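Structure assessment
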Amino acid sequence: MSFSGKYQLETQENFEAFMKAVGLPDELIQKGKDIKSISEIEETGDNFKVTVTTGTRVIVNVFKIGQEAEIETMTGEKVKAVVKRDGNKLMTCMKGMESVTELVDKNTIVNTITLGSIVYKRTSKRM
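These lines cover the structure that appears in this document, whether it is placed above or below. Residue indices begin from 1 for each chain and proceed along its sequence in written order. Where totals are concerned, whole chains, interfaces and linings use all residues; where local detail is concerned, this predicted model gives features only for residues with pLDDT of at least 70, and gives and counts side-chain atom pairs only at 80 or more. The basis for every side-chain value is the complete set of non-hydrogen atoms in the structure, without hydrogens or water.

1. Structural notes on the nonpolar core
Nonpolar cores were defined as sets of buried Ala, Val, Leu, Ile, Met, Phe, Trp, Tyr and Cys residues, with membership established by side-chain atoms within 4.5 Å. Note on exposure labels: buried denotes an accessible area under 20% of the residue type's maximum, exposed denotes more than 50%, and partly exposed covers the range between, all computed with a 1.4 Å probe on protein chains only. In this structure, Phe3, Ile41, Phe48 and Phe63 are the most contacted members of the largest nonpolar core, which totals 16 residues. In DSSP terms, a helix is any run of H or I states spanning at least four residues, a strand is any run of E spanning at least two, and both are numbered starting from the N terminus. Secondary-structure elements contributing two or more residues to this core are strand S3 (47-54), strand S5 (68-72), strand S6 (78-82) and strand S8 (89-94). Residues count as neighbours in contact if any of their non-hydrogen atoms are within 4.5 Å of one another. Aside from chain neighbours lying at most four places away, what touches Ile41 is Phe3, Ser4, Gly5, Tyr7, Phe48, Lys49, Val50 and Ile109. The next biggest cluster of nonpolar side chains, apart from the first, holds nine residues, and it includes Met19, Met97, Leu115 and Tyr120.

2. Considering the sheet that holds strand S7 (residues 84-86)
Being paired, for any two strands, means DSSP has found at least two bridges between them. What the nine strands build is an open sheet, ordered S4-S3-S2-S1-S11-S10-S9-S8-S7; its pairing is antiparallel. The sheet terminates laterally at strand S4 (57-64) and S7, the two strands that pair on one side only. On average, each strand axis in the sheet is inclined to that of its neighbour by 25 degrees, with strand direction left out of account. Pairing of strand S10 (residues 108-115) with strand S11 (residues 118-126) involves eight bridges; the strand directions are antiparallel. Along S11, the bridge assignment pairs Asn111 with Arg122. Helix axes are fitted only over the stretch in contact, all axes being lines through C-alpha atoms; the angle between N-to-C directions runs from 0 to 180 degrees.

3. Some words on a nonpolar patch on the surface
On the surface, Val58, Val60 and Val62 cluster together to form a nonpolar patch covering roughly 240 Å² of accessible area. Counting through the fold element by element, Val62 comes out in strand S4. For patch building, the residue pool is restricted to those with more than 30% relative accessible area and no salt bridge; the joining distance is 9 Å between like charges and 5 Å between nonpolar side chains (Val, Leu, Ile, Met, Phe, Trp, Tyr). Only the protein chains shown count as cover for residues, with accessible areas throughout obtained via the Shrake-Rupley method and a probe of 1.4 Å. Salt bridge criterion: a side-chain nitrogen from Lys or Arg within 4 Å of a carboxyl oxygen from Asp or Glu.

4. Brief notes about the packing of aromatic side chains
Only centres within 6.5 Å qualify two rings of Phe, Tyr or Trp (six-membered ring in Trp) as a pair; their planes then separate them into stacked at under 30 degrees, edge-to-face at over 60, and tilted for everything else. Scanning all chains against the criterion turns up four aromatic pairs. Between Phe3 and Phe48, the ring centres sit 6.0 Å apart and the planes meet at 70 degrees, which makes this aromatic pair edge-to-face. Separated by 45 residues along the polypeptide, Phe3 in the segment before strand S1 (5-13) and Phe48 in strand S3 bring together distant segments of the chain. Owing to a relative accessible area of 0%, Phe3 belongs among the buried residues under this scheme. Taking relative accessible area as the criterion, Phe48 reaches 2% and is therefore assigned buried. Each residue in the set Phe3, Phe48 and Phe63 is aromatic and connected to the rest through ring pairs, giving one cluster.

In structure tokens form, the structure reads like this:
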């Protein structure tokens, strides 16, 4: 299955605890908790472009599976990371966080980010 498409956030778990743990100010956490972000994924072979729009904020990450790339995090920080693929899962580790994005069916993506004991889970549906 291809990840390509546009997805809108449907549900999220542990948003506030996770955002506090990564250092986002309370004001931004309160603003962001009810925004339904839109993720657009373009997949061409092993090359990916992921654009996440949350309100007026847009983050664009371009990477190739298995190669180091500069990835912008949700806090705006840019870090080097390698994204790996295992079937319908994309996985990476950066700054002590482990991220797994799984295409669970042709219309649903689940992104789980683990930081210490906090597990932040986002479920998005194809638009």
